[in-house]
Amino acid sequence: MTVLRDYAAATSQPTLGDPDGPGRFDEVVGPDGSLRPAWKGLAELAVSLTPADMYRVDSDIARFLADDGVTYARPGDRQGPWRLDPVPLVIDAPTWTPLEKGLAQRAELFNALLVDLYGEQRLLAEGVVPPAVVLGHGGFTRAVARRSLGEEPIDPRPLVFSATDLARDAAGDWRVIGDRAQAPSGLGYAMENRRVISRVVPELYREAGLHRMEPYFWALRSALIQSANGDLADPRVVVLSPGTHSETAYDQAFVASTLGFPLVQGSDLLVRDGWVYLRQGRGRMERVDVILRRVDAAWSDPLELRGESQLGVAGLVEAVRRGRVRVVNGLGSGVLENPGLAPYLPAACETLLGEPLLLQGLTTHWCGEPDGLRAVLDSLENPARPLHLRPIDGPSTDLERLPTARVVERILDEPHRYVGQERLPFSQVPTWRSGAARPRPVTLRTFTLRYGGSYRPLVGGLANVYDDGGFRSSASKDVWVLKADPADADQGLAEVMSMTAARAVAVTVPRVLEDLFWVGRYAERAEDMLRLLIVTHTISEDFRTRPGTVGGASLSVLLGTIGRLAGRQFDDLDAEFRSLLTDADRVGSVAHSIENLRTALTDVRDQLSADTWRAFGVVERAHEALAENPHSHQVADTAGRILTGVLSLQGVFASMMRDDGWHMIGAGRALERSLQLVHLLRSTTTVRRGIDVDRTVLNAVLEAAESAVTHRRRYRGYVRPAGVLELLVVDPDNPRSLAFSLAEVRDHVAALPASTGSTRPERLVENLLAEVEDQSVAELVAIGGVNRPNLESFLDDTLDRLGRLGESVEELHLRSGPPPRSFGALAIVDSLPAEPATGTIPAITEPLADDHPRAGEGA
């Protein structure tokens, strides 16, 4: 049987749903076992899907999401992969139309509610809403409330964009289970779900006749631009994010990138004279007119709200009060995320809008009233009539862990802070699990935008599938709302209102430049270590069992070089190579560089092409292959695959605009390449070990520096130190040489805004480049005993000067204001112990220091 027929047969069994409750509404199959109207038009294609098809689709979804770098973290958890179920939630037009009306009305009601609560407070004065429900809620922001009655509100349109969580009851009626008005998330995930599903089941997608989502993003962009205070020709809009450690960091970056607005953090903004400005470095600023806020209001201004916050902007509340910046949604909108308001919304709708409330919520008992308190206490004593007990402004997890007596004590201490809500048997949908479509509870998050003077819901949304208990989301679903007529305009937007035609000035804030600088450095560091690892592994496969031979001695030299750059953890070579590829805690390893590269790129996700994340998909699949294959040859295969991924990133960077960010990546790459090359040469060419050993080592150096082919063509296979140093140190045409890399550092640094031609970084790199160009290779290779003292002195001096150059670039171009961030110098072990006669790894006492201060920092 096919997947959908299997599911239809299963749902006809009486064991489905809650055996002791009212059962669940099924989104696909009706009570008589037939497909519901929304699925009938898709029946021919949908019913034909077999388990093999579903396995393929599910695998493709996971791969596409990994390639796009889509992540999500539940509160308190680490970022993990976003999960998307292959079976969409399908809604037909007759079902959607009344829901759309209810969502538009709810957004209009909430906007009017905010205006009243922060202005005239008519609802509180007339007793329509109990004051304790509002004033006792943590989301009520007194700093932006008008104290005297009749005074104009700060923001006449505080609600621009909102989200509503819905579920169907046993009868199939939509019920509101929650509202998101403070910083609604999920729109980016919804769009990503659509993009992926449209690729993995294209025939089904084309046949469905859906509303495309792109016009809604166009409308959101237009609405944000037009929400600026005053009549501005070209308002500056930014998206304020808590940072990469936010649970929905991907969603924030996706929205910012799609809308074309800068994704900023609190440290990127400052307030002067009541105006908000975006830092551009070296004292330059640009005024900000609209802030799409993804930081909760309480953390948005450490000056007037939570003083310990490092996420907000000091003085933002005062700028809002003066009307000099528009915050979307308005500060204080979090009071709407309040289940205590639910019993009073019907009366509030009649009072403010003069019409009945269309969308009903859950039956809610507020403990601040005697009847509500009695109902909640009775439910605690009578498990047969349970209510979901929750505080009005926080998670309910703490209450769930407490004994009943302690819960009662808390409620009686502060009854106005708690509500009891009915438990709704969410409708169920087919969800692909363990080779079969199984019924799981589902909820729907919808989005509503104020556009063109009215509120317009997104035709679609984001569905969440829950585990068997209905308490924890386990996956998401794409939401397909079918058009009533194929000729209907997508999202009902025949034409999006015109936006500003002015060209926005490209702005790269200092924090972003800092991350891009380290993107360049970590990408280059990973590439160089991979090349060195690959060539070392090749030699080890031939000579690891013959430590006293030429190959064994050469292997010892190369392993010592790796130890110089990444420390040592294992004496066993297989364990050592695998550690370099997989141990992200080992500073200097490939895994460490890749992990920190990913962190830096995530921080600037909105600046980058989607192609960026496909490289990490290649890396992850290479790691999976290494974990599954214990054989030694898999190390080289995995390293080669990871190198392919890293090199693909270089192609992405090559396609970037030649702006400040591109120059920062280039400067970081060239500086890191110089450092890695000098360390490689310092460990391999300053000691004479014998003709055969030197020849093997020098060939390995050329391979690691990607210059072997050029050397063979130039010197016809004759390998000697002078030729290697000429090619890798002084040749201005070899992209892998020190001279070439320093010239790149010079050009990139000179193009940065703070450069004048005489700054310290420019002077340092010019002087160092001139000295490299003046070097005599014959003098460098001169022998003094068994060493090459001139070469040793030159390389040590170059390392010292490269360190000072990096520090000067940091001081001039990357520090954006007090307190300055300190970049540690590239701490490499200064001296190596004498090389052992065998092929064992030299004992390195100290690894490369982690010199990226942003890696691992919390928001």
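Please refer to the structure placed before this passage.
Keep in mind that this is a model prediction, so the values were computed, not measured.

### Examining the pattern of salt bridges
Okay, so step 1: Under the defined criterion, the tally for this structure stands at 53 salt bridges.
Okay, so step 2: R669 is the partner of E524 in a salt bridge, and the nearest nitrogen-oxygen pair spans 3.6 Å. In this pair, E524 sits in helix α17 (residues 510–543) while R669 sits in helix α23 (residues 660–684), placing the two residues 145 residues apart along the sequence.
Okay, so step 3: Residue class for E524 comes out buried when judged on its relative accessible area of 0%.
Okay, so step 4: Residues R801 and D797 are paired through a salt bridge, measuring 3.4 Å at the closest nitrogen-oxygen approach. Of this pair, R801 and D797 both sit in helix α30 (residues 789–814), four residues apart, which is roughly one turn of the helix.
Okay, so step 5: In this structure D797 comes out as partly exposed when scored by relative accessible area, which is 31%.
Okay, so step 6: By sharing partners, the salt bridges in this structure join E524, E527, D528, R531, R669, R673, E706 and R736 into a single network.

### Overview of the sheet that holds strand β13 (residues 364–366)
Across a sheet, paired strands are connected by hydrogen bonds in the backbone, their directions being either parallel or antiparallel.
Okay, so step 1: Strand order in the open sheet made by the three strands is β13-β15-β14, with antiparallel pairing throughout. The open sheet has two edge strands with one neighbour each: β13 and β14 (388–391). On average, adjacent strands in this sheet sit at an angle of 25° to one another, irrespective of strand direction.
Okay, so step 2: Strand direction decides the pairing type here: β14 and strand β15 (residues 418–421), joined by four bridges, are antiparallel. Counterpart to L389 in the pairing with β15 is G420.
Okay, so step 3: Strands β13, β14 and β15 of the sheet are contacted by helix α14 (residues 370–381), whose axis makes an angle of about 115° with β13.

### Structural notes on the environment of F616
Okay, so step 1: With respect to the element layout, F616 can be found in helix α21 (residues 614–628).
Okay, so step 2: Residue class for F616 comes out buried when judged on its relative accessible area of 2%.
Okay, so step 3: Through-space distance from the C-alpha of F616 to that of V646 is 8.2 Å; in sequence the pair is 30 residues apart.

### Here we look at the side chain of D528
Okay, so step 1: As for its placement among the helices and strands, D528 is situated in helix α17.
Okay, so step 2: Taking relative accessible area as the criterion, D528 reaches 12% and is therefore assigned buried.
Okay, so step 3: Sequence-distant contacts of D528, defined by excluding residues within four places in its chain, comprise E672, R673, Q676 and R736.

### A short note on helix α27 (residues 738–750)
Okay, so step 1: Taking 1.5 Å per residue, 13 residues should reach 18 Å; α27 reaches 18 Å between its end C-alpha atoms and fits that length.
Okay, so step 2: Considered for burial, the residues of α27 that qualify are L738, A739, S741, L742, A743, V745, H748 and V749.
Okay, so step 3: Looking at the packing, one finds that the buried side of α27 touches α23, α26 (721–730), α28 (760–773) and α30.

### Digging into the nonpolar core
Okay, so step 1: Counting 148 residues, the largest nonpolar core has L269, I291, L581, L601 and I642 as its most contacted members.
Okay, so step 2: The biggest single contributor to this core is α17, with 15 residues.
Okay, so step 3: Filtering out sequence-adjacent residues up to four positions away, L581 remains in contact with L530, L533, V590, A591, H623, L626, V635, T638, A639 and I642.
Okay, so step 4: L4, Y7, L42 and V196 belong to the second-largest nonpolar core, a separate cluster that totals 69 residues.

### Thoughts on the packing of helix α20 (residues 590–603) against α21
A pair of packed helices can be characterised by two numbers: the angle between their axes and the separation between those axes.
Okay, so step 1: Orientation of α20 relative to α21, taken along the N-to-C sense of each, is 150°, at an axis distance of 12 Å. By the angle between their axes, α20 is roughly antiparallel relative to α21. Classified by chirality, the crossing of α21 by α20 is left-handed. Contacts between α20 and α21 pair I594, L597, R598 and L601 from the former with F616, V619 and E620 from the latter.
Okay, so step 2: Across the contact of α20 with α21, the residue classes break down as five nonpolar, no polar and two charged.

Thresholds, definitions, all that
- Residues numbered from 1 in each chain as written.
- Predicted model: local features only at pLDDT ≥ 70, side-chain atom pairs only at ≥ 80, totals over all residues.
- Heavy atoms only, no water.
- Salt bridge = Lys/Arg side-chain N within 4 Å of Asp/Glu carboxyl O.
- Helix = DSSP H or I, 4+ residues; strand = E, 2+ residues; numbered from the N terminus.
- Buried < 20%, exposed > 50% of the residue type's maximum accessible area, 1.4 Å probe, protein only.
- Pairing = 2+ DSSP bridges.
- Axes fitted to C-alpha atoms, helices over the stretch in contact; angles between N-to-C directions.
- Contact = heavy atoms within 4.5 Å.
- Expected span 1.5 Å × (residues − 1).
- Core = buried A, V, L, I, M, F, W, Y, C linked by side-chain atoms within 4.5 Å.
- Parallel < 35°, antiparallel > 145°, perpendicular 65-115°, else oblique.
- Left-handed = near helix turned anticlockwise from the far one by under 90°.
- Nonpolar A, V, L, I, M, F, W, Y, C, P; charged D, E, K, R; others polar.

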